[in-house]
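# A look at the structure
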Amino acid sequence: MTEKFLENYKLEGESLPIKTYPDPVLTKVAEEVTVFDQELQTLCKNMLYTMYKAPGIGLAAPQIGVSKRIFVIDVDYERDETEEDSGEYLLSEFNPRIFINPTFKEKVGETTYQEGCLSLPGIYEDIKRFESIVVEYNDVNGELKTMDADGLLSICIQHENDHLDGIVMIDRMSKLKKSFFKKKLIKAKKEASHNL
Ligand SMILES: [Zn+2]
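These figures come from a predicted structure and were not determined experimentally.

## Remarks on the sheet that holds strand S2 (residues 70–73)
- Spatially, S1-S2-S5-S8-S9 is the arrangement adopted by the five strands of the open sheet, whose pairing is antiparallel. Both edges of this open sheet fall to strand S1 (58–60) and strand S9 (144–150), since each of them pairs with a single strand only. This sheet shows a mean twist of 40° between the axes of neighbouring strands, independent of strand direction.
- Helix H2 (residues 38–53) rests against S1, S2 and strand S5 (97–108) of the sheet, and its axis sits at about 45° to S2.

## Side note on the environment of Glu12
- Secondary-structure assignment places Glu12 in the loop between helix H1 (2–9) and H2.
- Once the C-alpha coordinates of Glu12 and Tyr49 are considered, the two residues, 37 residues apart in sequence, prove to be 6.4 Å apart.

## Observations regarding H2
- In this model, H2 (16 residues) spans 22 Å end to end at C-alpha, consistent with the 22 Å of a helix rising 1.5 Å per residue.
- Taken together, the buried positions of H2 are Leu43, Cys44, Lys45, Asn46, Met47, Leu48, Tyr49, Thr50, Met51 and Tyr52.

## Description of the nonpolar core
- Residues Cys44, Met47, Leu48, Ala61, Phe71, Val72 and Ile157 are the most contacted members of the largest nonpolar core, which totals 30 residues.
- If you list the elements that add at least two residues to this core, you get H2, S1, S2, S5, strand S8 (132–138) and helix H3 (151–164).
- With seven residues, the single largest contributor to this core is H2.
- Excluding its chain neighbours within four sequence positions, the residues that come into contact with Val72 are Cys44, Met47, Leu48, Met51, Gly58, Leu59, Pro96, Arg97 and Ile98.

## A word on unusual backbone geometry
- Residues Tyr21 and Pro22 are joined by a peptide bond in cis, for which omega reads 5°.
- As for its position among the elements, Pro22 is in the loop between H1 and H2.
- Cis geometry marks the peptide bond from Ala54 to Pro55; its omega dihedral reads -10°.
- The topology assignment puts Pro55 in the loop between H2 and S1.
- The phi dihedral of Glu93 falls on the positive side, at around 55°, and the residue is not glycine.
- Here Glu93 lies in the loop between strand S4 (89–92) and S5.
- Phi at Asn101 is positive, roughly 50°, even though this residue is not glycine.
- Relative to the helices and strands, Asn101 is located in strand S5.

Calculation rules
- Residues numbered from 1 in each chain as written.
- Predicted model: local features only at pLDDT ≥ 70, side-chain atom pairs only at ≥ 80, totals over all residues.
- Pairing = 2+ DSSP bridges.
- Helix = DSSP H or I, 4+ residues; strand = E, 2+ residues; numbered from the N terminus.
- Axes fitted to C-alpha atoms, helices over the stretch in contact; angles between N-to-C directions.
- Contact = placed C-beta atoms within 7 Å.
- Expected span 1.5 Å × (residues − 1).
- Buried ≥ 20, exposed ≤ 12 C-beta atoms within 10 Å, placed from the backbone.
- Core = buried A, V, L, I, M, F, W, Y, C linked by C-beta atoms within 7 Å.

In structure tokens, the structure reads:
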């Protein structure tokens, strides 16, 4: 059931507008999902579509204004421009994953990776994370699953899980860097609002 659902949503869905910092939904603690219905499936499908379109490798529900404990990830897909400078891309090798109500059962080691975030446009910074994790979560049907993750998948899960706790990337930086980027993002947003 889950696999079939995952097969079918890759490149169809509705592209949802992505909230950018300092939108208040990004600093809220998201709520547990208790109902596993068609509406939830549609939301996950649209989140994946939005993520592939952005493009990004992960997207959490608060980033599209839904304060629920859900995120989607694909760290494996390929994105190739069909022709040089055409601006058209062909996506392949999909490996979509959906995590609902995730909790960490184990966090081991340390790693640093230059991260970006669709809600913090233009910022790419080294962030310290656990190297490997064991995460327990519900799938889209509400079934409890466990996954061991390391490498980019582990980093991505930790980044997206932060969004569910109202934490954004700059909260993981030094005080000085945080205030620098915070000002920069607020200024960029003000300027953008003048562009009618
Ligand atoms: Zn993010």
